[in-house]
Amino acid sequence: MAAASQAATVAPPVAAKTLAPAERPVALTCRNLWKVYGDGAAAFMQANETPSPEDIRQARLFAAVRDVTLEVGRGEIFIIMGLSGSGKSTLVRCMSRLVEPTAGGVFFEHKSLLRMTDEELIQLRRHKMGMVFQNFALLPHRTVLGNVAFPLEVQGMGKAEREARALKVIELVGLGDKSGHYPRELSGGQQQRVGIARSLAVEPDLWFLDEPFSALDPLIRHEMQNEFLRLQRLLSKTIVFITHDFDEAIRLGDRVAIMKDGAVIQVGTPEQLVISPASDYVSAFTKHVSRAKVLRVGSIAVPAREGEHLGGAVSASAGVAEVAALSVDSTAPLAVVDEAGTLVGKLERAAVIEVLVSGARA
Amino acid sequence: MSDFAVAPARRGVRFSPGWLIAIVVTALLVAPLAAPDSFRWALSYPTAWVVPVSDWLRAFLYWLVRDLSFGLFTFKDMTRFVASLFAAALQVPKSIFSTGVTFGEDGFHIPRLSWAGIVCAMGIWGYMLGGARLAALGALGFGYIALFGQWDSAMVTLSQVVLAVAFGVFSGLMLGIWAFRSPRLQPAVVATLDFMQTVPTFAYLVPLIFLVGVGPVSGLMATILYAMPPMVRVTMMALKAVPPELDELGRMTGCTTRQALWKVLVPSARDDLLIGVNQVIMLTLNMIIIAAMVGAGGLGFDVLNALRQPNGLGKGLEAGMAVVALAIVLDRMSRAVVELRPVHGHAAVVRRRYVWAGLAALLGFTLLSFAIPELEVLPRDWRVSTGSMWSEVVSFVNTHLFTAAEAFRTFILLNLLLPVKKALIGMPWPALIALVGAGAWRLGGWRFALGMMALIAFIPVAGLWERGMTTIYLCGISAILAILIGVPLGVLGSRSDRLHKILGTLCDTLQTMPAFVYLLPVVMLFRIGDVSAMVAIVLYSLVPAIRFTDHGLRRVPPSLTEAGTMAGCTPMQRLLKVELPYALPEIMLGVNQVIMMALSMLVVSSFVGTNDLGKQIQVAISQADPGKGLSAGLAIAFLGILTDRMIGRWVAARKAQMGLV
Ligand SMILES: Nc1ncnc2c1ncn2[C@@H]1O[C@H](COP(=O)(O)OP(=O)(O)OP(=O)(O)O)[C@@H](O)[C@H]1O
Ligand SMILES: [Mg+2]
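Residues numbered from 1 in each chain as written. Chains lettered and ligands numbered in written order. Predicted model: local features only at pLDDT ≥ 70, side-chain atom pairs only at ≥ 80, totals over all residues. Heavy atoms only, no water.

Trainee: Which residues make up the packing of aromatic side chains, and what values go with them?
Mentor: On inspection of all chains with the given rule, the structure shows 19 aromatic pairs over all chains. Relative to phenylalanine 241 of chain A, the ring of phenylalanine 228 of chain A has its centre 5.2 Å away and its plane inclined at 65 degrees; by these criteria the two rings are edge-to-face. Of this pair, phenylalanine 228 of chain A sits in helix H8 (residues 218-235) while phenylalanine 241 of chain A is found in strand E8 (residues 238-242), placing the two residues 13 residues apart along the sequence. Using a relative accessible area of 0% as the deciding quantity, one classes phenylalanine 241 of chain A as buried. Considering the side-chain rings of tyrosine 518 of chain B and tyrosine 540 of chain B, the 5.4 Å spacing of their centres and the 85 degrees angle between planes classify their relative orientation as edge-to-face. In this pair, tyrosine 518 of chain B sits in helix H20 (residues 515-526) while tyrosine 540 of chain B sits in helix H21 (residues 530-554), placing the two residues 22 residues apart along the sequence. Judged by its relative accessible area of 4%, tyrosine 518 of chain B falls in the buried class. Each member of the aromatic cluster is reached from another via a ring pair, and the members are Trp207, Phe213, Phe228 and Phe241 of chain A. (Phe/Tyr/Trp six-rings, centres within 6.5 Å; stacked < 30°, edge-to-face > 60°. Helix = DSSP H or I, 4+ residues; strand = E, 2+ residues; numbered from the N terminus. Buried < 20%, exposed > 50% of the residue type's maximum accessible area, 1.4 Å probe, protein only.)

Trainee: Account for the domain arrangement of chain B, with residues named and values stated.
Mentor: Residues and elements named next belong to chain B. We note that the domain assignment places domain 1 (112-147 + 309-396), domain 2 (159-297) and domain 3 (401-425 + 464-661) within chain B. The distance between the C-alpha centroids of domain 1 and domain 2 comes to 27 Å. Each side of the interface is counted separately: domain 1 has eleven residues, and domain 2 has ten residues. Where domain 1 abuts domain 2, roughly 850 Å² becomes buried across the two surfaces, and 70% of that area is made up of carbon and sulfur atoms. (Domains from an automatic or database assignment. Contact = heavy atoms within 4.5 Å. Buried area = accessible area lost by both parts, 1.4 Å probe.)

Trainee: Could you give me a rundown of the pattern of salt bridges, with the residues and numbers involved?
Mentor: All names here are of chain B. What the rule picks out here adds up to 38 salt bridges over all chains. Of the charged contacts, one joins aspartate 508 and arginine 335 as a salt bridge, the two residues approaching to 3.8 Å between their closest N and O atoms. Of this pair, aspartate 508 sits in helix H19 (residues 497-512) while arginine 335 sits in helix H14 (residues 313-339); the two residues are 173 residues apart in sequence, bridging distant segments of the chain. On the accessibility criterion, aspartate 508 (22% relative accessible area) is partly exposed. A salt bridge links glutamate 406 to arginine 409; the nearest nitrogen and oxygen atoms lie 3.5 Å apart. Taken together, the positions of glutamate 406 and arginine 409, both in helix H16 (residues 387-426) and three residues apart, correspond to about one turn of that helix. Taking the relative accessible area as the measure of exposure, arginine 409 reaches 16% and is therefore buried. One network of salt bridges, in which partners are shared, links Asp331, Arg332, Arg335, Asp508 and Arg547. (Salt bridge = Lys/Arg side-chain N within 4 Å of Asp/Glu carboxyl O.)

Trainee: Report on the sheet that holds strand E5 (residues 111-112) of chain A, specifying residues and quantitative values.
Mentor: Residues and elements named next belong to chain A. Strand order in the open sheet formed by four strands is E2-E1-E4-E5, and the pairing between neighbours is antiparallel. Looking at strand neighbours, the two that pair on one side only are strand E2 (62-73) and E5, the edges of this open sheet. Of the strands in this sheet, strand E1 (26-37), E2 and strand E4 (103-108) are in contact with helix H3 (residues 88-95), which crosses E1 at around 120 degrees. (Pairing = 2+ DSSP bridges. Axes fitted to C-alpha atoms, helices over the stretch in contact; angles between N-to-C directions.)

Trainee: Could you give an account of empty space enclosed by the protein, with specific residues and numbers?
Mentor: Under the counting rule described, the total for this entry stands at four cavities of 30 Å³ or more. For the largest cavity, the calculated volume is near 100 Å³. Lining the largest cavity we find 13 residues, and of these Met129, Gly130, Met131 and Ser199 of chain A together with Thr253 of chain B sit closest to its centre. Of all elements in the fold, only helix H4 (118-127), strand E6 (129-132), helix H5 (144-155) and helix H7 (188-200) of chain A together with helix H10 (244-252) of chain B reach the threshold of two or more residues within the lining of the largest cavity. Tallied by class, residues from the lining of the largest cavity come to six nonpolar, four polar and three charged. Lining the second largest cavity we find Arg112, Trp115, Ala146, Gly149, Gln150, Trp151, Asp152, Glu376, Val377, Leu378 and Arg383 of chain B. Those elements that provide at least two residues to the lining of the second largest cavity are helix H5 (115-147) and helix H6 (151-181) of chain B. (1 Å grid on protein atoms, 1.4 Å probe; cavity = no way out; pocket = protein on both sides within 12 Å on 5 of 7 lines; lining within 4 Å. Points joined across faces, edges and corners; volume = space filled by probe spheres on them. Nonpolar A, V, L, I, M, F, W, Y, C, P; charged D, E, K, R; others polar.)

Trainee: Any details on the nonpolar core? Residues and values, ideally.
Mentor: Counting 229 residues, the largest nonpolar core has Ile80, Met95 and Phe208 of chain A together with Ile118, Phe142, Leu519 and Met601 of chain B as its most contacted members. By residue number, the principal contributor to this core is helix H17 (residues 429-461) of chain B, which donates 17 residues. If we skip the residues at most four places from it in the chain, phenylalanine 142 of chain B touches Ile118, Val119, Met122, Trp151, Met155, Leu158, Leu326 and Val329 of chain B. (Core = buried A, V, L, I, M, F, W, Y, C linked by side-chain atoms within 4.5 Å.)

Trainee: Could you give an account of the site of ligand 1, naming the residues involved and the relevant values?
Mentor: Residues and elements named next belong to chain A. Close contacts around ligand 1 come from Tyr37, Phe62, Ala64, Leu83, Ser84, Gly85, Ser86, Gly87, Lys88, Ser89, Thr90 and Glu211, and that covers them all. Contact distances for ligand 1 include 2.8 Å between an oxygen atom and a side-chain N or O atom of lysine 88. One of the side-chain N or O atoms of serine 89 is found 2.6 Å from an oxygen atom in ligand 1. When ligand 1 is considered free in solution it has 640 Å² of accessible area, and contact with the protein chains removes 59% of it. Elements represented by at least two residues in the shell around ligand 1 include exactly E2 and H3. Top contributing element to the shell around ligand 1 by residue count: H3, with three residues. Residue classes in the shell around ligand 1 are distributed as four nonpolar, six polar and two charged. (Near = heavy atom within 4 Å. Polar contact = N/O pair within 3.5 Å; in protein donor to acceptor, adjacent residues only side chain to side chain. Areas by Shrake-Rupley, 256 points an atom, 1.4 Å probe, with all protein chains shown as cover.)

Printed below as a string of structure tokens:
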């Protein structure tokens, strides 16, 4: 990662690969963000701009987040992945300043989070941010309604109004008949729906989810992912989502950041990560994934010759698995077109089969 | 572990410290005994060397009371003011439970809560909390108290309990929160709490009666001081145990500090906090009974009175049973509240109905007692007295068991107690200090040894040798007996689930009973004297030996026992060679608890005999001599700290050795 050496308030050039997609305005920026644990960590980071892992070890410190620079676009689902202990939770907590970063900057809508007073921060969290926790973090002494209304109550909203609003969100997540229940009377999936409803009750712009589904069994997890996608289609929030499951990342994410030992080692669409992994660590994540699910037609299309005979047209953004049957049945290569309908290339049958076979092997 | 190996003597001229120490200790022990004439100073601590700690403490307290002034008001004004606040506060529960309110002479009288109402309400609420069993327990417990003529005393006690619990819980919660929020203060707070819990209960009483005067208020204040520390501890632990995600939730939703505390942390810690409340209730009851000594009245006074009168034992047992009834009902009910889970819908409606029904019974009967005075005060001829029955029991015991009990008593006294007592008191005092020092040195090195030696040296230096050694002898023997009885029971409990359950109930019951109650049956059998004191202490301190052994053995990992079995151990070998060694640190923690409880029982047991430090405190209370009482209290506290630190060191080292930390 490019080492930048300027004050946290001045925006340094962000390496191109971690940029938000051009079509989205930037919502959240992390710049050379560090979280170092240990005695004298702050002083150490002041003295060393970008210490090497060796330096840190020698100072008996521990870097949970290491020089992270990235941008999240408005309305984007940004996934953070990594092995256990790689610093995902710490990074997300730095983004919301639940954990105080040791060095670097965090900017939400171009305002520096680290410069905010406690009062500003409380207001920001009350109105702009929501968070869903891995172990649900429901208040055991409150009903579903009480839990979902809790953030509104904290804001000082009147009882009737907050309960009406909470009920609406509870309906939204499909728990309308359970609003009087206590958390211990609900299943894990239902509990997490409450957690989701609660984080949505304040209508946040920025939504953090820290492994929200990993405590659930696979079937429920799948159902909750669908639910999540449905909600996102309705609400279009800016989302930072932690998971350690690449399948989940593919299903939900626009872009994925892979973390290792506190550092972000690659950011890209799921497809980019599969096609051009930056290291063996990244390919280890993508290895078991069916390539046919990830790869888009556009990425295995080859240029078509002028006047070549082509079969039916498929969209460049379609998944390879979706068009496999069509391609195998067709005698000629398929025509690949972009959103506007212009021809961008052709899809060879052999290329499709190769993707399918490599997926089967994995 | 180098701490444990006695450093081997090097071949040649030089001795290692271990040998040197061993020689010094032996010399100090043997020389004075061999040549008493030349070592008179070592055999009995010279009076001229005594540091007048008692006098200093007395002078300090007199200075507080007479001379200390904060400008506008004196220290005495302040204590008087605080005391009058408590006295005023006590009026509220006292009017409700015990006296009612009367306006003017013979004027309009609002009755106290009707006994019938309380019995009914206990039944109804008991049913709500724990079904038929708890309903029966609640109604029968209070029914007993009413029918057997203990109501008046019991309500005096109950009103004091209510006030002390309210104060203790509130201030404990606040202090706990404060300590939780200022992590830097936590070690200091924990150390203070440790100290407060090693100082015997009575030591609080002595300066308090001096400052506040004899009466319910000083008893009440001592009780609060005694019962609050666990609440502080529980609060700190409970708040720390709240899952970090809930804490983050609070911050993420933009809670202010206050909102986070009262809306997230405290409610989430409800269960643990209520366990703290239960502890406060039980400790309060225990102490309130003891506070009868300084004029708190109530059931404790009845028990105490019975102990003082030659033929009062029957009445005493009756009052004692009332104490037990009160204790068990309060304990089980408050524990059931901990178990209560929030419910919704129909269940919630039903629950609310029970609450209201109980209240209605309470108020209904009380209102009725405007018309029917029998509902306020149960008429004398409705009451049943078991006093005569208990007297029968006492005389039965005297006629039939006397010879056996007496034989046991004499045997123990002549063969165990007296020889040990003589040996300990006759021991040269430098030898005791050296022995403690040697042990401490092996456990924790020179600095630790110096600290421990300073603690034990307090006993001769403050001129408390004979009483101190009597204390060590009595507590020592009682603790050893409690361990010899408790550990095997714990082993048995860990082998069979059925026994485990039975022992659990036994321990629960033993722990619920206030210390005072133990004295009654003991005196009945063994009369006044060291044997009675010893038996009472053994009974009182038995529980941790059973509990910790059982628990420690049950926690031995199955893989370890399986390995033992696979290696061909017989069950006995497995127990002795695999499980007990593994559980030893845990068992030693139990031993530590046994000693602490034995020390705290001292003053209570000094009612029935012995001339130990407990006795000195008791005498100090009756003579209102705060210096004497405090110095004896400090001596007991130092003994407690000494054993606690030494055993703590040992356990920590042993755990480290086994890689368990
Ligand atoms: N308060 C702390 N003090 C010291 N080290 C910490 C602290 N909090 C976290 N760490 C360390 O930082 C590293 C990253 O922790 P983090 O919780 O961010 O990991 P994660 O990627 O979320 O892991 P998981 O998938 O298990 O949740 C871990 O090695 C952890 O031990
Ligand atoms: Mg995590």
